[in-house]
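Reading the structure
Residues per chain, in single letters:
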Amino acid sequence: DAMVIQNPRYQVTQFGKPVTLSCSQTLNHNVMYWYQQKSSQAPKLLFHYYDKDFNNEADTPDNFQSRRPNTSFCFLDIRSPGLGDAAMYLCATSRGGILNEQFFGPGTRLTVL
Amino acid sequence: QKEVEQNSGPLSVPEGAIASLNCTYSDRGSQSFFWYRQYSGKSPELIMFIYSNGDKEDGRFTAQLNKASQYVSLLIRDSQPSDSATYLCAVNGKDTGNQFYFGTGTSLTVIP
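Read on for an overview of the structure. (Residues numbered from 1 in each chain as written. Chains lettered and ligands numbered in written order. Predicted model: local features only at pLDDT ≥ 70, side-chain atom pairs only at ≥ 80, totals over all residues. Heavy atoms only, no water.)

Here the focus is the overall build of chain B. Looking only at helices and strands, one finds zero helices and eleven strands in chain B. Order of helices (α) and strands (β) in chain B, N terminus to C terminus: β-β-β-β-β-β-β-β-β-β-β. Radius of gyration (C-alpha) of chain B: 13 Å, near the 13 Å computed for a compact globule of 112 residues. Dimensions along the principal axes, computed over C-alpha positions, put chain B at roughly 45 × 30 × 20 Å. Sorting the 112 residues of chain B into buried and exposed places 46% on the buried side. When the accessible surface of chain B is summed, it comes to about 4900 Å², and 47% of that surface belongs to carbon and sulfur atoms. Charge separation in chain B, taken as the distance between the mean sites of 9 positive and 11 negative side-chain charges, equals 5 Å. (Helix = DSSP H or I, 4+ residues; strand = E, 2+ residues; numbered from the N terminus. Rg over C-alpha atoms; globule rule 2.2 N^0.38 Å. Buried < 20%, exposed > 50% of the residue type's maximum accessible area, 1.4 Å probe, protein only. Areas by Shrake-Rupley, 256 points an atom, 1.4 Å probe, with all protein chains shown as cover. Lys, Arg positive; Asp, Glu negative; His and termini not counted. Charge placed at Lys NZ, Arg CZ, Asp CG, Glu CD.)

Now the structure itself:
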């Protein structure tokens, strides 16, 4: 089945230790997104790629970076995780354009010690 | 980020009743509207999307859109305990159509 896959599902890191989260898709969608979701809050859009074009949200901290080496894969790098970065990180994809819905992966739960 | 607001609840309804979930949005240029269901600890799952004013029905779910009032709602008929979850409203961004913004969600509990 076509899907959005995230690895790992659970990630524990230490304060200040860089971490990379992975997302892959078999839907061949043009757009890939990264969201941060904290408990009882809305998913917060961090950035998205339309093909290779990177679009950063204005309020996304510099501590968060992303890479999309090809259509299928997208990575979220947190350079120096702080305690406030503990959250669920959601990857999503879309064909792109106004009338197309998003599909989410299962998420990666990040814990920062 | 664009503003999307939902009545946060929690909303409790008895099994078999109609649950009504509401959402308002600030960006008048928004054109696509989505309802997601999110179980605790899980990722959002798309339930319905609507683009045109009026009603759209899919099984027990009906989405209603009023662009003039910047209002979108979701009705769940014959509510079941398995419908107990948080329901997220999402709208697209005006500029590119590729940006989606979410409300904080409404927690629904269906009481058997």
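Any pair of aromatic rings gets described here by the distance separating the centres and the angle formed by the planes. Within the structure shown, the criterion is met by 15 aromatic pairs over all chains. An angle of 55° between the planes, with centres 5.2 Å apart, marks the rings of Phe34 of chain B and Phe100 of chain B as tilted. Of this pair, Phe34 of chain B sits in strand β4 (residues 33-38) while Phe100 of chain B sits in strand β10 (residues 100-102), and the two are 66 residues apart along the sequence. Judged on exposure class, the residue Phe34 of chain B and its partner Phe100 of chain B are both buried. Cluster of aromatic residues (ring-pair linked, three or more members): Tyr33, Tyr35 and Phe104 of chain A together with Phe34, Tyr36, Phe49, Tyr51, Phe100 and Phe102 of chain B. The ring of Phe49 of chain B carries Lys56 of chain B above its face, with NZ or CZ at 3.7 Å from the centroid. (Phe/Tyr/Trp six-rings, centres within 6.5 Å; stacked < 30°, edge-to-face > 60°. Lys NZ or Arg CZ within 6 Å of the ring centre and 35° of its normal.)

What follows covers the nonpolar core. If you look at the biggest cluster of nonpolar residues, it comprises 39 residues, and the most contacted ones within it are Tyr35 of chain A together with Trp35, Val72, Leu74, Ile76, Tyr87 and Phe102 of chain B. It is strand β9 (residues 85-92) of chain B that provides the largest number of residues to this core, a total of six residues. Look past the residues within four positions of Leu74 of chain B in its chain and what remains in contact with it is Ala19, Ser20, Leu21, Trp35, Ile47, Met48, Phe61, Thr62, Ala63 and Tyr87 of chain B. One finds Val4, Tyr49, Ile78 and Val112 of chain A within the second-largest nonpolar core, a separate group that totals 18 residues. (Core = buried A, V, L, I, M, F, W, Y, C linked by side-chain atoms within 4.5 Å. Contact = heavy atoms within 4.5 Å.)

Residue and element names in this part refer to chain A. Overall, antiparallel pairing links the four strands, which are arranged β1-β3-β8-β7 in an open sheet. The sheet is open, and its two borders are formed by β1 (4-7) and β7 (64-67), each paired with just one other strand. Adjacent strand axes in the sheet meet at a mean angle of 20°, parallel and antiparallel pairs treated alike. Inspection of the sheet shows β1 paired to strand β3 (residues 19-25) by four bridges, in the antiparallel sense. Paired with Val4 across the strands is Gln25, a residue of β3. (Pairing = 2+ DSSP bridges. Axes fitted to C-alpha atoms, helices over the stretch in contact; angles between N-to-C directions.)

Let's shift gears to unusual backbone geometry. With an omega of -15°, the peptide bond between Asn7 of chain A and Pro8 of chain A qualifies as cis. Mapping Pro8 of chain A onto the fold places it in the loop between β1 and β2 (10-13). Look at Asp51 of chain A: it is not a glycine, yet its phi comes out positive at around 55°. Locating Asp51 of chain A in the fold gives a position in the loop between β5 (44-50) and β6 (53-56). Within the chain, Gln70 of chain B stands out as a residue other than glycine whose phi angle is a positive 55°. Within the fold, Gln70 of chain B resides in the loop between β7 (61-66) and β8 (71-76).

With 22 residues of chain B at the contact, the number on the chain A side is 28 residues. Roughly 2000 Å² of surface becomes buried between chain B and chain A when both sides are summed, with 54% attributable to carbon and sulfur atoms. At the junction of chain B and chain A, the tally comes to zero salt bridges. Elements that contribute at least two residues to the side of chain B that touches chain A include exactly β4, β5 (45-50), β9 and β10 of chain B. (Buried area = accessible area lost by both parts, 1.4 Å probe. Salt bridge = Lys/Arg side-chain N within 4 Å of Asp/Glu carboxyl O.)

To continue, consider the layout of surface pockets. As a volume, the largest pocket reaches approximately 400 Å³. Lining the largest pocket are 19 residues, with Gln37, Ser39 and Ser40 of chain A together with Gln38 and Thr86 of chain B positioned closest to its centre. No other element matches the three residues that β9 of chain B contributes to the lining of the largest pocket. (1 Å grid on protein atoms, 1.4 Å probe; cavity = no way out; pocket = protein on both sides within 12 Å on 5 of 7 lines; lining within 4 Å. Points joined across faces, edges and corners; volume = space filled by probe spheres on them.)

From the geometry alone we can't say anything about function, so treat these as descriptive.
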